[in-house]
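A structural walkthrough
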Amino acid sequence: MDKLLVFSGTQPSGKLTIGNYIGAIRHWIVMQKYYECMYCIADLHLISTVSSSNVYAFRKMSLDTLALYLACGVDPNVSTIFMQSHVPEHTQLNWLLNCCAYYGELSRMTQFKEKSKFKQDSVNVGLFNYPILMAADILLYQTNFVPVGDDQKQHLEFTCNIARRFNNKFGTVFTIPKILVPDFGSRIMSLLNPLKKMSKSDQDSNNYISLLDDATLISKKVKRAITDSDQPPAIYYDPVEKPGVSNLLAILSGIGGESISNLELIFKNKTYSCLKSNLIQSLSTVLKQIQNRYFNERSNENKLNNILCVGAKKARQKANLTLKKVYQLIGL
Ligand code: ATP
Ligand code: MG
């Protein structure tokens with residue numbers, strides 16, 4: 001029997017953060033063992049948010065992202081890794097899905113509202129249409145599971161809705177994917193503002209820890225992270241009442257693998273600085289291993305380009321099967 005299919009991806013908008021790792025990539029690694037996995041580098045999504053048209057920077061950021069995937073444990077011999085722009089079927093299906101999407105439902109997307117907040121008239125339509133391209137990414141591969149962070153839940157619900165709508169209108173072609181958002185670690189928050197999601201494109205790098213931050217930087221950032229002024233200090237998981245402390249617990253659990261409830265026992269009656277020291281230690285150790293592998297992989301551009309070439313070929317073959325059926329059903 002064919003394996004069930006997993007699809008996921010990230011935008012190469014900067015160095016991946018521990019939020020991306022804990023919320024998504026560490027689950028990708030496990031899923032490779034059981035499913036057929038397609039992991040995409042979403043460079044077409046990226047151009048909806050960046051103003052620069054520096055081709056060199058784009059390529060570099062994409063290869064950096066690929067090397068980070070490999071360093072985290074994505075195995076190109078098992079999973080298909082590819083660039084979104086290398087598979088033109090994504091944009092072809094995007095147009096067809098455009099014609100099934102409603103302006104009203106896209107206007108309600110939280111990510112669009114947040115990312116366009118300060119731009120008003122200059123916000124591009126690509127950013128507005130982002131969820132439709134994302135739906136095309138997923139539906140092209142007859143995806144069964146999409147492991148993502150909590151912030152992508154709304155886009156995934158939209159993907160399922162548009163797939164059902166298309167199936168009802170033209171005939172069943174798309175598999176309706178299942179959204180996999182883990183109970184813990186699916187929303188790692190900013191270090192200086194634990195009410196805001198950690199994002200790699202954040203203008204203030206003190207808000208996030210990149211997978212490539214060294215031990216000194218990790219220590220500086222974690223020490224500055226917001227906790228609270230409870231007296232005596234209390235370490236337990238309650239994202240509403242104690243967002244800062246809960247975020248540090250979620251990061252420690254996501255990186256070290258210890259459950260949150262165990263961590264609550266370990267840090268009962270301990271100080272915040274004790275929690276932070278442990279977190280610094282744990283992050284420095286795990287990220288150092290990722291970084292060693294990263295610099296090794298990143299230095300071999302031939303290997304990276306080859307992985308993308310093979311990945312695009314495999315992805316196109318699959319994507320084409322779906323796109324052909326869609327064209328036939330519409331009558332094109
Ligand atoms: P950007 O600021 O460019 O949007 P990002 O950090 O939000 O960057 P994405 O490329 O948009 O990263 O998302 C990649 C994956 O990481 C998605 O599955 C997303 O849900 C997940 N993710 C992003 N941020 C977090 C976070 N703070 N906590 C957990 N998961 C996250
Ligand atoms: Mg994002």
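Here's a quick rundown of the structure. Note that the coordinates shown come from a computational prediction; the quantities given were computed from them, not determined experimentally. (Residues numbered from 1 in each chain as written. Chains lettered and ligands numbered in written order. Predicted model: local features only at pLDDT ≥ 70, side-chain atom pairs only at ≥ 80, totals over all residues. Heavy atoms only, no water.)

Let us now look at the site of ligand 1. The environment of ligand 1 is formed by 22 residues, the closest being S13, D151, K197, K200 and S201. Residue S13 places a side-chain N or O atom 2.6 Å away from an oxygen atom belonging to ligand 1. The separation between a nitrogen atom of ligand 1 and a polar main-chain atom of G19 is 3.2 Å. Out of a free accessible area of 600 Å², ligand 1 has 98% covered by protein chains. Ranked by residue count, the leading element in the shell around ligand 1 is helix α1 (residues 18–31), at four residues. In terms of residue class, the shell around ligand 1 is made up of four nonpolar, 13 polar and five charged. (Near = heavy atom within 4 Å. Polar contact = N/O pair within 3.5 Å; in protein donor to acceptor, adjacent residues only side chain to side chain. Areas by Shrake-Rupley, 256 points an atom, 1.4 Å probe, with all protein chains shown as cover. Helix = DSSP H or I, 4+ residues; strand = E, 2+ residues; numbered from the N terminus. Nonpolar A, V, L, I, M, F, W, Y, C, P; charged D, E, K, R; others polar.)

Taking burial as the measure, the ten residues of helix α4 (residues 89–98) include seven buried ones, the bulk of the element. Within the sequence span of α4, burial applies to E89, H90, L93, N94, L96, L97 and N98. Looking at the buried residues of α4, the elements they touch are β3 (80–83), α7 (125–139), α8 (153–170) and α13 (301–330). (Buried < 20%, exposed > 50% of the residue type's maximum accessible area, 1.4 Å probe, protein only. Contact = heavy atoms within 4.5 Å.)

All of the buried residues in helix α9 (residues 215–224) are I218, S219, K221 and V222. Buried positions along α9 lie against α12 (272–298).

With that out of the way, let us pick up the nonpolar core. Of all hydrophobic cores here, the largest spans 57 residues; its most connected members are I18, Y69, I251 and L283. Broken down by element, this core gets its largest block of residues, nine residues, from α12. The contacts of L283, once residues within four sequence positions are left out, are I18, I209, I218, V222, I251, I255 and K288. By size, the runner-up hydrophobic cluster in this structure holds 38 residues, among which are L5, C100, F112 and L140. (Core = buried A, V, L, I, M, F, W, Y, C linked by side-chain atoms within 4.5 Å.)

Another aspect to go through is the packing of aromatic side chains. The tally for this structure, following the rule as stated, stands at 13 aromatic pairs. A centroid spacing of 5.3 Å and a plane angle of 40 degrees characterise the contact between Y103 and F128, whose relative ring orientation is tilted. Here F128 lies in helix α7 and Y103 lies in helix α5 (residues 103–107), a separation of 25 residues in the sequence. With relative accessibility at 14%, the residue F128 sits in the buried group. Taken together, the aromatic side chains of F7, F82 and Y141 make up a single cluster linked through ring pairs. (Phe/Tyr/Trp six-rings, centres within 6.5 Å; stacked < 30°, edge-to-face > 60°.)

Evaluated as defined, the whole model comprises 14 salt bridges. Where D64 meets K60, a salt bridge forms, and the shortest distance between an N and an O atom there is 2.8 Å. Taken together, the residues D64 and K60, both in helix α3 (residues 55–72) and four residues apart, mark about one turn of the helix. D64 gets classed as buried once you look at its relative accessible area, which sits at 5%. When the shortest N-O distance is used, the salt bridge between E297 and K303 registers 2.9 Å. Owing to a relative accessible area of 17%, E297 belongs among the buried residues under this scheme. Taken together, the shared-partner salt bridges connect K15, K60, D64, R298 and E301 into one network. (Salt bridge = Lys/Arg side-chain N within 4 Å of Asp/Glu carboxyl O.)

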